[in-house]
Amino acid sequence: MTAIQWFFSFLKKYRLNLIIALILVTIASGLTIINPYISGIIVDDVIKGGHKELLLHLVLLLIITTLVRSIIRYTYLYMFETTSQKMLYTMRDYVYRRFLEEDFTFYNKNRTGDLMSRQTGDMDAIRHFVAFVIYSIYENALLLCFALIMIFTVDYRLALCMIAVMPITVFITSKQLKAIKPAFHNIRKHFSSLNTAVQENVSGNRVVKAFAKEDFEIEKFNKENDGYRDAELNAAAIWRKYVPVFEFLSSSLTFILYLAGGIMVVKGSITLGKLVTVSGYLWMLNNPLRMAGWLANDYQRFVTSVEKIYTTIKEEPVIKTPGNAIGSKRLKGEIEFKHVNYRAEDDVILTDINFKIQPGQTVGIIGATGSGKSTLMNLLCRFYDVTNGQITIDGINIKDMDLYRLRSNIGMAMQDVFLFSDTIEGNIAYGNPNCTIEEVKEAARIADADAFIQNMPDGYDTIVGERGMGLSGGQKQRISLARALLKNPSIVILDDTTSAVDMETEAHIQNELGALSNRTVFIIAHRISSIKDADVILVLNNGKIVESGNHDSLLAKKGYYHTVFNHQYGEFDKYLKTKQKGGKYNG
Ligand code: ATP
Ligand code: MG
């Protein structure tokens, strides 16, 4: 499917509306023939022929045609506008759903500003095309044909003189279309970059301020702003060259008419009334010629935008629910990784991962930063697909499962906490909006968030901003944990979820989590204290599981885990001893 075919697939639904509206355009254009024709009759029959009694009737006819034409014009303008809005609504909705379906790879590839431009500026170019350009092209083509036909009926020699200009117009319009295309692509590119610059600066505003980089950011933004302005000016420079040509061509019709027509009237081969009629049709020829350049511009702008949107969303997401998905509604949570490898582009991220977890077990994952802990969990949720090997839950390959069912069984508190601009209650209940406030409070209590939420100005109704404004890092983490738990999932993933809370709070959360039965829990952490009670601990290094076992067996191995333990608890012991002696601890 091409981009334009994709666009027409949306327009198809409204074809009846469009056909009716185009019929109205045809009628209105047809009616425009009448007035010049009547003017000719007034000159020849009333003024020169002396049939004064006809004048009133003819003027009345002029008024009625103008009135009817105005009403019809109002109706079709209204129809095109509403059709364009309705079509755009459907298209925006489709594109938005598509954005939601897309996988992590898509979001790694596309900048937020680009995606926002697709939904705003590009959509507007399409709306303008449906609301204005379609009928304008049709109307102008009709006016041109009607006028030519009418001039032919008056005098074929005059008509032939006028037709001589047409091939030149067609040639120049096609030249302009070709010349302006790259310029519009350039505009769209710069518009997206400008959007990205604004979006990044607004959401990264605190970093900009903290590093006092306002001047640097203004300079960066100015570059984008210059780029966008230059792209627009460049396009304007191209069509500016063509505008005078179209102006000249349309005016040349007037010269031709009065030269050729004047000679004919003087020689007596046509009447003065006929010349008045033809000059009445002149604007119907002029207007399309004058509009050709503008419409070519708008058309190219529309094509560019449709292509931009279509190329953004045309690739099907790689990670999809298979046709015949299997698996029960609620999973038990028996998880097995079999020879799992994961590569991103050419980087080897995970190598030969093997482990099996029984339902209800708690798994601790520890390892250096960048060792692949989050990636391991991203594979389990199918945010990415394994390159080799397989992951099974309850014996079923996750690739054969319904994606929605898989993810609704997993409650994940991500490392990078994101809170929506909503109340705290809305944020916690995100995965389970039909739950009661008591359930929200219970989840918050387990996450040790209930107390601080109660102390907030509006309690659970407190609005937290775009990125959880006004909350500390640990508070955000606990809201995110409550959100993961409220889903009542059979698998819980806590990715670095207690890293920003103090040890006491962490111990409280762990006690509460320990009391929850029937859940397989993954805890990713850097602190041994967070995972030491886990049934199984996986130690990752460089994308490989280098050790596994429980706390005691790992300590006995005296390997990586033992070193980390000594490092963390050795320091703690030193701290305690120094404190007991009343000294100052220096790290
Ligand atoms: P941390 O403790 O800092 O959270 P981690 O163990 O969770 O680290 P991962 O986020 O799993 O580490 O990343 C492991 C490696 O994979 C890193 O080197 C990272 O740069 C790389 N990586 C992760 N995701 C991608 C991706 N989508 N494309 C390319 N490389 C990736
Ligand atoms: Mg991580």
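Residues numbered from 1 in each chain as written. Chains lettered and ligands numbered in written order. Predicted model: local features only at pLDDT ≥ 70, side-chain atom pairs only at ≥ 80, totals over all residues. Heavy atoms only, no water.

## Things to note about the overall build of the protein chain
No. 1: The secondary structure content of the protein chain amounts to 22 helices and twelve strands.
No. 2: Against the globule reference of 25 Å for 587 residues, the protein chain gives a C-alpha radius of gyration of 36 Å, more extended than a compact globule.
No. 3: In terms of overall dimensions, the protein chain has C-alpha extents of about 125 × 50 × 50 Å along its principal axes.
No. 4: Out of the 587 residues in the protein chain, the part that is buried amounts to 45%.
No. 5: Of the contacts made within the protein chain by residues no fewer than 6 positions apart, 77% connect residues no fewer than 24 positions apart.
No. 6: Counting only carbon and sulfur atoms, one obtains 58% of the accessible surface of the protein chain, whose full area is about 30200 Å².
No. 7: Taking the 65 positively charged and 60 negatively charged side chains of the protein chain as two groups, their mean positions are separated by 6 Å. (Helix = DSSP H or I, 4+ residues; strand = E, 2+ residues; numbered from the N terminus. Rg over C-alpha atoms; globule rule 2.2 N^0.38 Å. Buried < 20%, exposed > 50% of the residue type's maximum accessible area, 1.4 Å probe, protein only. Contact = heavy atoms within 4.5 Å. Areas by Shrake-Rupley, 256 points an atom, 1.4 Å probe, with all protein chains shown as cover. Lys, Arg positive; Asp, Glu negative; His and termini not counted. Charge placed at Lys NZ, Arg CZ, Asp CG, Glu CD.)

## Remarks on the packing of aromatic side chains
No. 1: Inspection of the entire model under this criterion finds 25 aromatic pairs.
No. 2: Centre to centre, the rings of tryptophan 6 and tyrosine 310 are 5.5 Å apart; their planes meet at 35°, and the pair counts as tilted. Of this pair, tryptophan 6 sits in helix 1 (residues 3-11) while tyrosine 310 is found in helix 12 (residues 272-313), placing the two residues 304 residues apart along the sequence. With respect to burial, tryptophan 6 and tyrosine 310 carry one shared label: buried. (Phe/Tyr/Trp six-rings, centres within 6.5 Å; stacked < 30°, edge-to-face > 60°.)

## A look at the pattern of salt bridges
No. 1: Per the counting criterion, the structure on display carries 23 salt bridges.
No. 2: Here arginine 188 ties to aspartate 122 by a salt bridge, and the two come within 2.6 Å at their closest N and O atoms. Separated by 66 residues along the polypeptide, arginine 188 in helix 9 (residues 166-203) and aspartate 122 in helix 7 (residues 121-154) bring together distant segments of the chain.
No. 3: For arginine 188, a relative accessible area of 8% puts it in the buried group.
No. 4: We note a salt bridge from glutamate 442 to arginine 445, for which the minimum N-O separation is 2.8 Å. (Salt bridge = Lys/Arg side-chain N within 4 Å of Asp/Glu carboxyl O.)

## Some remarks on the sheet that holds strand 4 (residues 388-393)
No. 1: If you walk across this open sheet you meet the four strands as 2-1-4-5, and the pairing is antiparallel. Only two strands of the sheet have a single partner each, and these edge strands are strand 2 (347-357) and strand 5 (396-397).
No. 2: As paired strands, strand 1 (residues 335-344) and strand 2 are joined by seven bridges and run antiparallel to one another. From the neighbouring strand, glutamate 336 faces strand 2, where its bridge partner is lysine 356. (Pairing = 2+ DSSP bridges.)

## Some remarks on the coordination of the magnesium ion (ligand 2)
No. 1: The protein atoms that coordinate the magnesium ion (ligand 2) are Ser374 (OG) and Gln415 (OE1), at distances spanning 1.9 to 2.2 Å. Placement of serine 374 in helix 13 (residues 373-380) and of glutamine 415 in the loop between strand 6 (410-413) and strand 7 (422-423) is noted, with a sequence separation of 41 residues between them. (Donors = N, O, S within 2.8 Å, 3.2 Å for Na, K, Ca; no water.)

## Let's talk about the sheet that holds strand 12 (residues 544-549)
No. 1: Taken together, the six strands give an open sheet; going across it, the order is 6-9-10-3-11-12, and neighbouring strands pair in mixed fashion. Single-partner strands in this sheet number two, and they are strand 6 and strand 12. Pairwise comparison of adjacent strand axes, ignoring direction, gives a mean angle of 15° for this sheet.
No. 2: The sheet contact formed by strand 9 (residues 491-495) and strand 10 (residues 520-524) spans five bridges and is parallel. Residue aspartate 495 lies in a different strand from strand 10, and its bridge partner there is isoleucine 524. (Axes fitted to C-alpha atoms, helices over the stretch in contact; angles between N-to-C directions.)

## So, helix 6 (residues 112-119)
No. 1: Most of helix 6 is tucked away: six of the eight residues are buried.
No. 2: Listed in full, the buried residues belonging to helix 6 are Gly113, Asp114, Leu115, Ser117, Arg118 and Gln119.
No. 3: On the buried face of helix 6, the contacting elements are helix 4 (54-101), helix 5 (104-109), helix 7, helix 9 and helix 12.

## Here's the deal with helix 16 (residues 437-446)
No. 1: The complete set of buried residues in helix 16 reads Val440, Ala443, Ala444 and Ile446. All buried residues of helix 16 fall inside an arc of 160° around its axis, so they share one side.
No. 2: Contact partners of the buried residues in helix 16: helix 15 (424-428), helix 17 (450-454), helix 18 (473-486) and helix 19 (503-515).
No. 3: Count one or two residues on from helix 16 and you reach aspartate 448, which has phi positive near 55°. (Arc of directions from axis to C-beta.)

## Considerations on the site of ligand 1
No. 1: Ligand 1 sits among 14 residues. The nearest are Thr369, Lys373, Ser374, Thr375 and Gln415.
No. 2: The side chain of threonine 369 places a nitrogen or oxygen atom 2.6 Å from an oxygen atom of ligand 1.
No. 3: Measuring from an oxygen atom of ligand 1, one finds a side-chain N or O atom of glutamine 415 at 2.6 Å.
No. 4: When ligand 1 is considered free in solution it has 630 Å² of accessible area, and contact with the protein chains removes 65% of it.
No. 5: A per-element tally of the shell around ligand 1 places helix 13 first, with three residues.
No. 6: Residues that form the shell around ligand 1 fall into these classes: four nonpolar, nine polar and one charged. (Near = heavy atom within 4 Å. Polar contact = N/O pair within 3.5 Å; in protein donor to acceptor, adjacent residues only side chain to side chain. Nonpolar A, V, L, I, M, F, W, Y, C, P; charged D, E, K, R; others polar.)

Honestly, that's just the spatial picture; any functional story needs more than this.
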